[in-house]
Amino acid sequence: MINFNMKPSLLKIIIPILLAFSALKTLNSCSNREETTSCFPNQFISVQLNLSLPSYYPLNNIGGWIYVSEQQSGNRGLIVYRNNDGFKIYDRNAPHICPSTDTTLEVENGSLVICKKDNAKWFLNSGAPASVSPYPLKQYFYNYNSSTNILNIYN
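Residues numbered from 1 in each chain as written. Predicted model: local features only at pLDDT ≥ 70, side-chain atom pairs only at ≥ 80, totals over all residues. Heavy atoms only, no water.

(A) Spotlight on the overall build of the protein. Looking only at helices and strands, the protein features one helix and ten strands. Start at the N end of the protein and walk to the C end: the helices and strands fall as α-β-β-β-β-β-β-β-β-β-β. Sorting the 155 residues of the protein into buried and exposed places 34% on the buried side. Counted over contacts in the protein with a minimum sequence separation of 6, partners at least 24 positions apart contribute 44%. (Helix = DSSP H or I, 4+ residues; strand = E, 2+ residues; numbered from the N terminus. Buried < 20%, exposed > 50% of the residue type's maximum accessible area, 1.4 Å probe, protein only. Contact = heavy atoms within 4.5 Å.)

(B) Here's a closer look at the sheet that holds strand β9 (residues 141-145). Pairing is antiparallel across the open sheet formed by three strands, whose spatial order is β1-β10-β9. With one partner strand each, in any of the chains shown, β1 (46-50) and β9 form the two edges of the open sheet. Taking the axes of each pair of neighbouring strands and ignoring which way they run, one obtains an average angle of 15° across the sheet. Where β1 lies against strand β10 (residues 150-154), five bridges are found, and the strand directions are antiparallel. For L49, the partnering residue across the bridge sits in β10 and is L151. (Pairing = 2+ DSSP bridges. Axes fitted to C-alpha atoms, helices over the stretch in contact; angles between N-to-C directions.)

(C) Region of the structure containing the sheet that holds strand β2 (residues 65-68). Strand order in the open sheet formed by three strands is β2-β3-β4, with antiparallel pairing between adjacent strands. Every interior strand has two partners, whereas the edge strands, β2 and β4 (86-91), have only one. On average, each strand axis in the sheet is inclined to that of its neighbour by 20°, with strand direction left out of account. Here strand β3 (residues 78-83) runs beside β4; their pairing, made up of six bridges, is antiparallel. Each bridged residue has a counterpart across the sheet, and for L78 the counterpart in β4 is D91.

In structure tokens form, the structure reads like this:
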């Protein structure tokens, strides 16, 4: 407890220090709410898909999915999934462990995403963890123009 009978010069030192520690604690608590492990690679994502092309036909139907490994689609590529509300775009890096040769995510049975290294699983339709991982799949933004059938993916 602060004794307000202290000399004013001492209060001028103590109060700013307390405020600074309080602000640092607040900033630190926000940074701990990460959506992936700290070694997750942050990559520039900028992909345009013309869903009228045969390689992207699965995305014209609800429940369809594809892997995207074009330029600017991250270092392991993306999983693009079409659901009732639009699309889900996931990074193929496992969000809960540092990348290695066996941590590239794969779709299993059209309903789960799996990491072969530790058998972590996520639901394809939501990206929510099903087992092992505390983190959901890393998602990216998109813009879909239904008149041109163009899907733009970005971060």
